[in-house]
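Coordinates in review
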Amino acid sequence: DFDWVCYGDPLYMIALTQTAVVSDIGDQGMPYVEALCRQWGANREQRALIDFYSVVHALQFIGFHQREQNDACKQRMVSFILDKINSDTNENRMS
């Protein structure tokens, strides 16, 4: 259940889920996130917005992991952000 009344855009919650999954277990958890996106009916534009929100969440997660001295999870978040930035840059070059 993604509450859109209290939290605004319901895609924000999918993005938070994506960030948490990548933080905890990495890319192996992405099939779960993709299934959520399919069930939601997210189109390409919405998927890009989910990724944007996820990058915002990832910045906060890096702070959590820094305080907890959890270098493995922190590095997953840094890699996730760089992957999203690089994939967006490459898509814009193709357009």
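An account of the accompanying structure is given in this report. (Residues numbered from 1 in each chain as written. Predicted model: local features only at pLDDT ≥ 70, side-chain atom pairs only at ≥ 80, totals over all residues. Heavy atoms only, no water.)

**Description of the packing of helix α2 (residues 11–25) against helix α3 (residues 30–40)**
With their axes 9 Å apart at the nearest point, α2 and α3 run at an angle of 170° to one another. Considering the angle they form, α2 stands roughly antiparallel to α3. The segment α2 lies against α3, with Leu-11, Ile-14, Thr-17, Gln-18, Val-21 and Val-22 engaging Met-30, Tyr-32, Val-33, Leu-36, Cys-37 and Trp-40. Along the lines of polarity and charge, the residues of the contact of α2 with α3 split into 10 nonpolar, two polar and no charged. (Axes fitted to C-alpha atoms, helices over the stretch in contact; angles between N-to-C directions. Helix = DSSP H or I, 4+ residues; strand = E, 2+ residues; numbered from the N terminus. Parallel < 35°, antiparallel > 145°, perpendicular 65-115°, else oblique. Contact = heavy atoms within 4.5 Å. Nonpolar A, V, L, I, M, F, W, Y, C, P; charged D, E, K, R; others polar.)

**Concerning the nonpolar core**
Among the nonpolar cores identified, the biggest contains 17 residues, and Ile-50, Met-77 and Phe-80 are the most heavily contacted of them. Per-element tally for this core: the top contributor is helix α4 (residues 44–68), with six residues. Apart from the residues within four sequence positions on either side, Ile-50 is in contact with Leu-11, Ile-14, Ala-15, Gln-18, Cys-37 and Ala-42. (Core = buried A, V, L, I, M, F, W, Y, C linked by side-chain atoms within 4.5 Å. Buried < 20%, exposed > 50% of the residue type's maximum accessible area, 1.4 Å probe, protein only.)

**Some details on the environment of Leu-59**
Position of Leu-59 among the secondary structure elements: in helix α4. Taking the relative accessible area as the measure of exposure, Leu-59 reaches 54% and is therefore exposed.

**Some words on the pattern of salt bridges**
Counting across every chain of the model gives three salt bridges. In this structure, the salt-bridge partner of Arg-47 is Asp-51, at a minimum N-O distance of 2.8 Å. Of the two residues, Arg-47 and Asp-51 are both situated in helix α4; the distance of four residues between them amounts to about one turn of the helix. Among the residues examined, Arg-47 registers a relative accessible area of 14% and is labelled buried. The shortest N-O distance in the salt bridge between Lys-84 and Asp-51 comes to 3.4 Å. With Lys-84 in helix α5 (residues 71–94) and Asp-51 in helix α4, the pair connects residues that are 33 residues apart, well separated along the chain. Judged by its relative accessible area of 17%, Asp-51 falls in the buried class. (Salt bridge = Lys/Arg side-chain N within 4 Å of Asp/Glu carboxyl O.)

**A short note on α2**
When the terminal C-alpha atoms of α2 are compared, their 21 Å separation across 15 residues agrees well with the 21 Å that a helix rising 1.5 Å per residue should span. Among all positions of α2, only Leu-11, Met-13, Ile-14, Ala-15, Gln-18, Thr-19, Val-21, Val-22 and Ser-23 are buried. Just past α2, the residue Gly-26 takes up positive phi, approximately 85°. (Expected span 1.5 Å × (residues − 1).)

**Some thoughts on a nonpolar patch on the surface**
There is a patch of nonpolar side chains on the surface, built from Tyr-12, Phe-52 and Val-56 and spanning about 270 Å² of accessible area. Residue class for Val-56 comes out partly exposed when judged on its relative accessible area of 39%. (Patch = residues over 30% accessible without salt bridge, like charges linked within 9 Å, V, L, I, M, F, W, Y side chains within 5 Å. Areas by Shrake-Rupley, 256 points an atom, 1.4 Å probe, with all protein chains shown as cover.)

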